[in-house]
Amino acid sequence: TRPLLGGHVSAAGGFDKALERGEQIGAETIQVFVSSPRSWAVFQPNPEALKRYWEKRKTSSVKSVYVHGTYLVNLGTANPELLQKSRKSLEEEFRIANTIQAEAFIFHTGSKNGDPKAWLGQSVHVIKETLKKVPGKTFLTLENAAGGGEKIGNTPEELAIIMEKVKSPRLKICIDTAHAFESGLIPKYEPKTLQASLKKLDQLIGLKNIVALHINDSKTKAFSNHDRHENIGQGYIVLSGFKALAKEQSLWHTGWLLEVPGFENTGPDKKNIDIIRKIFN
């Protein structure tokens, strides 16, 4: 009757602890980092940690898990050393996501540095290579950007080009509601504008290929190009915007994941999840 609702939680102490933290805030789905989001170091989970995780998943009220990649990855860089680090990090984190059977591994593709055309071929090559090296059912998932600078994925057209060239059923899309607002992809979350934007997304990438939504209000106005998340109903998208989004059943197959600051600045919390849950009642 509605999508699974949840948010990003800490995996400190193990993925089983992340499930517990999800339960504490009333999450039905969670998103985690599998390593520090601002570090290149990636460590594969040990058998004992995985055992605790799988035991916890058997009884947890959290029904699905998503993984978010490190912020450091940049597939469009002209720096060979940075590109090599990005490739290695992407592969290793994606491997962990498959190991824990995450629904999707969501990552920011990077920036269009150097040759204006080089970023595309380079990004496509690394994505193809990663999918080939890492088997599994977890989707490798591109996230839309807020429109600032030269970020890859500022427009749905860029995401569509990458998908078209990779040509893999394992490559999917995550749409961040704040980024979509800030970039002008969805400048108003009201029925007419929302439906027109979703029609465009369907034509370019197919709504069926969107596997997750990052549910965030925006601290900045539409077309600001500034990536600033706000608690639900406290930003410029406003609560009525999320009510309109909740009525779009074409997006109910996705996981709805909060990445908000929290009302006590502790990250996604029960209050934000309860607000989203109520709009479906």
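Up top you'll find the structure we're talking about.
Residues numbered from 1 in each chain as written. Predicted model: local features only at pLDDT ≥ 70, side-chain atom pairs only at ≥ 80, totals over all residues. Heavy atoms only, no water.

Observations concerning the overall build of the protein chain
Selection rule: Under the scheme used here, helices are H or I runs from DSSP no shorter than 4 residues and strands are E runs no shorter than 2 residues, and both carry numbers assigned from the N terminus. For every residue, the accessible area (1.4 Å probe, protein chains only) is compared with the maximum for its type, and the residue is labelled buried under 20%, exposed over 50%, or partly exposed between those bounds. Working rule for contacts: check all heavy atoms of both residues, and any pair within 4.5 Å makes them a contact. Only the protein chains shown count as cover for residues, with accessible areas throughout obtained via the Shrake-Rupley method and a probe of 1.4 Å. By the counting scheme adopted, Arg and Lys are positive, Glu and Asp are negative, and His together with the chain ends is not counted. We put the charge of a Lys on NZ, of an Arg on CZ, of an Asp on CG and of a Glu on CD.
Within the protein chain, the regular secondary structure consists of nine helices and ten strands. Projecting the C-alpha coordinates of the protein chain onto the three principal axes gives extents of approximately 50 × 45 × 30 Å. Within the protein chain, buried positions represent 56% of all 281 residues. Sequence-distant contacts in the protein chain: of pairs separated by 6 or more residues, those separated by 24 or more amount to 75%. Split by element, the accessible area of the protein chain, about 12,700 Å² in all, is 52% carbon and sulfur. In the protein chain, the 39 positive side-chain charges and the 30 negative ones have mean positions that sit 3 Å from each other.

As for the nonpolar core
Just so we agree on the cut-off: Side-chain atoms within 4.5 Å are what join buried Ala, Val, Leu, Ile, Met, Phe, Trp, Tyr and Cys residues into a set we call a nonpolar core.
Of all hydrophobic cores here, the largest spans 73 residues; its most connected members are Ile127, Ile162 and Ile276. Sorting elements by how many residues they give to this core places helix H4 (residues 118-133) first, with six residues. Excluding residues that lie within four positions of it along the chain, isoleucine 276 makes contacts with Leu5, Ile215, Ile232, Phe242, Trp256 and Leu258. In this structure, Tyr66, Cys174, Ala212 and Leu257 belong to the second largest nonpolar core, which totals seven residues.

Here we look at the packing of helix H3 (residues 80-99) against H4
Our working definition: Whenever a helix is involved, its axis is fitted only over the stretch in contact; in every case the axis is a line through C-alpha atoms, and angles between N-to-C directions fall within 0 to 180 degrees. With the far helix as reference, a near helix turned anticlockwise by less than a right angle produces a left-handed crossing, and one turned clockwise produces a right-handed crossing. Throughout, the ten residues Ala, Val, Leu, Ile, Met, Phe, Trp, Tyr, Cys and Pro are labelled nonpolar, Asp, Glu, Lys and Arg are labelled charged, and all others, Gly among them, are labelled polar.
Direction vectors running N to C along H3 and H4 enclose 35°, while the axes themselves pass 10 Å from each other. Here H3 and H4 pass one another in a crossing that is right-handed. Residues Leu83, Arg87, Leu90, Glu91, Phe94 and Arg95 of H3 form the contact with H4, whose own contacting residues are Gln122, His125, Val126, Glu129, Thr130, Leu131 and Lys133. Looking at the contact of H3 with H4 residue by residue, the class counts come to five nonpolar, three polar and five charged.

Notes on the sheet that holds strand S5 (residues 139-143)
This is how it is decided: A pair of strands is labelled paired if DSSP reports no fewer than 2 bridges between them.
Around the barrel, eight strands lie side by side as S1-S2-S3-S4-S5-S6-S7-S10; this closed barrel has parallel pairing. On average, adjacent strands in this sheet sit at an angle of 30° to one another, irrespective of strand direction. With four bridges connecting them, strand S7 (residues 210-215) and strand S10 (residues 255-258) associate as parallel partners. If you follow alanine 212 over to S10, its bridge partner there is glycine 255.

Let's talk about the environment of glycine 241
In this structure, glycine 241 sits in helix H8 (residues 238-246). Judged by its relative accessible area of 0%, glycine 241 falls in the buried class.

Considering the pattern of salt bridges
Counted only if it meets this: What counts as a salt bridge is simple: a side-chain nitrogen of Lys or Arg found within 4 Å of a carboxyl oxygen of Asp or Glu.
Summed over the entire model, instances satisfying the criterion amount to 14 salt bridges. Between lysine 88 and glutamate 92 there is a salt bridge, and its shortest N-O distance comes to 2.7 Å. With a gap of four residues between them, lysine 88 and glutamate 92 both fall in helix H3, about one helical turn apart. The partly exposed category is assigned to lysine 88, whose relative accessible area is 48%. Residues lysine 133 and glutamate 91 are paired through a salt bridge, measuring 3.6 Å at the closest nitrogen-oxygen approach. Within this pair, whereas lysine 133 is found in helix H4, its partner glutamate 91 is found in helix H3, the two being separated by 42 residues in sequence. What emerges from the salt-bridge pattern is a single network uniting Arg2, Glu28, Lys270, Asp274 and Arg277.

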